[in-house]
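Okay, here's what each chain looks like letter by letter:
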Amino acid sequence: MATGERSWQRPTVFRSHRIKWTVYAGLIAFFVWSAVGIGFDPARVLQGIGNTAVLVGDFLPPDATAREFDRIVAKMLESVAMAMVATVTGIVVSVPIAFMAAENLSPKPLYAINRGLISVSRAFNAIIVAILAVKAVGFGPLAGIITITFKTVGFFSKLLAEDIEDIDMGSVDAVRATGSSPIQTLLYAVAPQIIPRFAGLSVYRWDINIRTSTVIGIVGAGGIGSVLLTAFNRYDYQYVSAILLSIIVVVLFAEGVSAVVRRRYQ
Amino acid sequence: MATDQPSWERFDRRRRLGRFVAVLVSAVIVVASWQFMEIGVVDPNTVPREIADLLTRMYPPDVAYTRQIVGPLIETIHIAALGTAGALVLSIPVALLAAENTTPNAATFWLGKLIVTVSRSVNTIIWALIFVVTFGSGPLAGAVAIAFRSVGFLGKLLGEEIEEIDFGQVEAIRATGASSLQLLLYGVLPQVKPALVGLAVYRWDINIRDSTVLGFVGAGGIGVQLFRAVNAFAWQSVAMVLLVILGVVVVTEALSAYTRRLVR
């Protein structure tokens, strides 16, 4: 029989194999365009890798004089302090926005406005926000606090609003049926359902804020970042790697604390 | 009798005490932090007024400036795309090292974890500072910085996916006498492919946002234009750049969410 010859082709998620190859070809063409666009040149890449290897030699070992060490500690404390204060202010600002951005509790126009606010906060990188904050209120940790507060709102309100949208509306109706005011409904029907997630989210955001607070100093918004930029500009690479090491240690510590707390709450 | 009155409380005494202590400690830390920064008492009028002042100067956005930002904007997208592609290539060996079931031995496992940790703990902008020194300023340094930052993210999450695969399939492929490359291609890859695509797209979305600031340290992209406008106090141009960034970010986020829904 002619059909005795059987052939098998791996199935594909695309509608047909032709679509699959078209998509792949399109992606590759895009990457080639990107490579040409940014002046990708293998010789330059190899040279860059060579330079990086040399630079790594300059980085090692991490080293800081006693005065530099004190400076790292002081500025790192400033970073952590900024993150602490801004986490609290950020959460305070986020909670009402989260309620207004929850589809099941909020009227349509209010919902749209607050979702827009969240998108804006999420769209801009902390560095951009920090530059604007520095221009508005001047150099120093106050600009940093404003930046981190603003960035916290986008993250915290979005996730909290999603949790509020997932609550059991039955208990809301039950509390409402007792004749409670809107405030009482929020306090006794909505709040108890979101508190565990709230605690987890707060700690998670605190962890991210510690990370953010270590870099925004690069544009003058307080914290260890300014020390890092100065060290870089002086080509003092051993000092740079000491600073980087301190950042890595602090970030890992915060991540560890946040992971432990979140595991206990969830 | 007083004790006849049943009273109900949501938490027992120990938990209430624990809560009280936790709140107290946090309050003390926050107040101490505020004192430490020596900002003092901020006049509640000045900050909102200064911010409002900045925002009014931004209005209306300078639409004519758009022509000058299209080029840098495309460059930003290129940086994000190439950085993500490079990170994807680099992250596969890292993920294989950092996954408990595919790593050859304990030393390679810890090497994988070390790469993931260092890459993730150092912000993109700091990576960019380093690579601008070695690759020279320009978008290439930016793409390398994006790639180095993303390797940790992709390596970690991909490694976790690899740890959860069904090893029976890998054993089955091995029983056919496959080489280790074939094992990876036919035993491991098909099981993590949806996650791989989803993670790559997700990271690409984050990278678009990250690559908007690379210009600040000379690593190319729309950031160059943004900082030039900020330093010239051309607030209306700044507003236009911000609007364009917002538009691009919203589009990429929608695209990334759509693709991730497809592969899930």
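Thresholds, definitions, all that
- Residues numbered from 1 in each chain as written.
- Chains lettered and ligands numbered in written order.
- Predicted model: local features only at pLDDT ≥ 70, side-chain atom pairs only at ≥ 80, totals over all residues.
- Core = buried A, V, L, I, M, F, W, Y, C linked by C-beta atoms within 7 Å.
- Buried ≥ 20, exposed ≤ 12 C-beta atoms within 10 Å, placed from the backbone.
- Helix = DSSP H or I, 4+ residues; strand = E, 2+ residues; numbered from the N terminus.
- Axes fitted to C-alpha atoms, helices over the stretch in contact; angles between N-to-C directions.
- Parallel < 35°, antiparallel > 145°, perpendicular 65-115°, else oblique.
- Contact = placed C-beta atoms within 7 Å.
- Nonpolar A, V, L, I, M, F, W, Y, C, P; charged D, E, K, R; others polar.

Draft legend 1. Region of interest: the nonpolar core. Judged by nonpolar contacts, the single largest core of 141 residues is most densely connected at A:Ala130, A:Ile243 and B:Ala128. Per-element accounting of this core gives the leading share, 16 residues, to helix H3 (residues 66-98) of chain B.

Draft legend 2. Highlighting the packing of helix H8 (residues 180-210) of chain B against helix H10 (residues 235-263) of chain B. Residues and elements named next belong to chain B. At a closest axis distance of 9 Å, the pairing of H8 and H10 adopts a crossing angle of 175 degrees. As the angle between them shows, H8 and H10 are arranged roughly antiparallel. Between H8 and H10, the contacting residues are Pro 194, Val 197, Gly 198, Val 201, Tyr 202, Trp 204, Asp 205, Ile 208 and Arg 209 on the first element and Val 248, Val 249, Thr 252, Glu 253, Ser 256, Thr 259, Arg 260 and Val 263 on the second. By residue class, the composition of the contact of H8 with H10 is 9 nonpolar, 4 polar and 4 charged.

Draft legend 3. Highlighting unusual backbone geometry. Cis geometry marks the peptide bond from A:Leu60 to A:Pro61; its omega dihedral reads -10 degrees. In this structure, B:Pro60 follows B:Tyr59 across a cis peptide bond, with omega equal to -5 degrees. Positionally, B:Pro60 belongs in the loop between helix H2 (46-58) and H3. Residues other than glycine seldom take positive phi values, yet A:Tyr235 does so here, at roughly 55 degrees. One can find A:Tyr235 in the loop between helix H9 (225-233) and helix H10 (237-265). Classification of A:Tyr235 as exposed rests on a count of 10 C-beta atoms within 10 Å. One non-glycine residue, B:Phe233, adopts positive backbone phi at about 55 degrees. The exposure class of B:Phe233 is exposed, given the 10 C-beta atoms found within 10 Å.

Draft legend 4. Expanded view of the interface of chain B and chain A. Taken together, the contact pairs 47 residues of chain B with 44 residues of chain A. Of all the elements, H3(B) adds the most residues to the side of chain B that touches chain A, at 7 residues.

Draft legend 5. Fine view of the environment of B:Thr66. Tracing the sequence through the fold places B:Thr66 in helix H3. For the pair formed by B:Thr66 and B:Val244, sequence separation is 178 residues and the distance between their alpha carbons is 8.3 Å.

Interpretation note: all reported values are geometric properties and have no functional meaning in isolation.
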